[in-house]
Amino acid sequence: MKTVWMSLLGLFVCGGIVLAQEKAKSPEEQLAAYAEMGPGVYNVKTNEKGEIISLIVVGRSRISTVLGVGKGEEIARNRALLDSDARFVEWCKTNLTVQESASDETIIVLKGENEEGKATEITLRKVESHAAGTLRGMQLLYAHQDGEGKFFTVIKGLNVQKVNAVKKLTRELDSDATQEEAASEAEEAPAKPDVKTKTVVAPGAEEFL
């Protein structure tokens, strides 16, 4: 009997280790999973008031090599970023609303599950203004260039505690991308367009997951 219990205990411990390993995925693996789900807003977290404190947005664009590989990658990257911005704004218009707090403060919060009725024009304008301002505080977390499917996918994240550091990190990511594109253009053009598969994950991306 003791041997049976020891065997069961061993299976339980081993099973727990396997489950822990499955859950302990790297930031790149977690972001890649969201990218596979397609464009949209995911992993929305709110505070006790219902205000958004963090989320991630996936944007995507097809890579065209008509103008050359380097130019096609650059255009697709920019369009993927614009796609993520547009999807975030549309999500805000559908899922956020304006409320007055107990101290007469106007706040933008996530709509309740049982909330009904259409938003007023004033509410939509405030939400759109909020969304436009929030875009400036979003951070590029993940960029994946699919050489086989010829798609460029980006994931941007918002964390209200990280807004002050966003501009510096974005400049660094853009600088890295610009240098890589310049190096690519400096190389001899291949006889046949060839889009390579590449993935970049920003430092600190795990804080958005």
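Residues numbered from 1 in each chain as written. Predicted model: local features only at pLDDT ≥ 70, side-chain atom pairs only at ≥ 80, totals over all residues. Heavy atoms only, no water.

Asks: Looking at this model, I keep getting lost on the environment of Ala76. Mind explaining?
Replies: Within the secondary structure layout, Ala76 lies in helix 3 (residues 69-95). By relative accessible area, which is 1% here, Ala76 ends up buried. For the pair formed by Ala76 and Ile63, sequence separation is 13 residues and the distance between their alpha carbons is 5.2 Å. Leaving out residues up to four positions away in the same chain, Ala76 has contacts with Ser61, Arg62, Ile63 and Phe152. (Helix = DSSP H or I, 4+ residues; strand = E, 2+ residues; numbered from the N terminus. Buried < 20%, exposed > 50% of the residue type's maximum accessible area, 1.4 Å probe, protein only. Contact = heavy atoms within 4.5 Å.)

Asks: So what exactly am I meant to see when it comes to the pattern of salt bridges here?
Replies: Pairing is possible between side chains of opposite charge, provided their charged atoms come close. All chains considered together, the criterion is met by five salt bridges. Among the ionic pairs, Lys156 bridges to Asp85, the shortest N-O distance being 2.8 Å. Separated by 71 residues along the polypeptide, Lys156 in strand 6 (residues 151-159) and Asp85 in helix 3 bring together distant segments of the chain. A relative accessible area of 10% means that Lys156 is categorised as buried. Through salt bridges with shared partners, one network takes in Glu90, Lys93 and Glu128. (Salt bridge = Lys/Arg side-chain N within 4 Å of Asp/Glu carboxyl O.)

Asks: Please clarify how helix 4 (residues 121-135) should be interpreted in this entry.
Replies: For helix 4, built from 15 residues, the straight-helix expectation of 21 Å at 1.5 Å per residue is met to within 8% by its first-to-last C-alpha distance of 21 Å. Listed as buried for helix 4 are Thr123, Val127, Ala131, Thr134 and Leu135. All buried residues of helix 4 project into a common sector of 105 degrees when viewed along the axis, lining one side. Those residues of helix 4 that are exposed and aimed more than 90 degrees away from the buried face are Glu121 and Ser129. (Expected span 1.5 Å × (residues − 1). Arc of directions from axis to C-beta.)

Asks: What should I look at first to understand the sheet that holds strand 5 (residues 139-146) in this one?
Replies: Where strands meet in a sheet, backbone hydrogen bonds hold them as pairs that are either parallel or antiparallel. One open sheet accounts for five strands, arranged 1-2-6-5-7; its pairing is antiparallel. The outermost strands of the open sheet, each flanked by one partner alone, are strand 1 (40-46) and strand 7 (198-201). Pairwise comparison of adjacent strand axes, ignoring direction, gives a mean angle of 10 degrees for this sheet. Sheet analysis places strand 2 (residues 52-62) next to strand 6, joined by nine bridges and oriented antiparallel. What sits directly across from Arg62, in strand 6, is Phe151. Seen against the sheet, helix 3 touches strand 1, strand 2, strand 5, strand 6 and strand 7 and runs at an angle of roughly 140 degrees to strand 2. (Pairing = 2+ DSSP bridges. Axes fitted to C-alpha atoms, helices over the stretch in contact; angles between N-to-C directions.)

Asks: Please clarify how the packing of aromatic side chains should be interpreted in this entry.
Replies: For any pair of aromatic rings, the description rests on two quantities: the centre-to-centre distance and the angle between the ring planes. Tallying each qualifying case throughout the model produces one aromatic pair. Where Tyr34 meets Tyr42, the ring centres are 5.7 Å apart and the plane angle is 35 degrees; that geometry is what we call tilted. As far as burial versus exposure is concerned, Tyr34 and Tyr42 are alike and both buried. (Phe/Tyr/Trp six-rings, centres within 6.5 Å; stacked < 30°, edge-to-face > 60°.)

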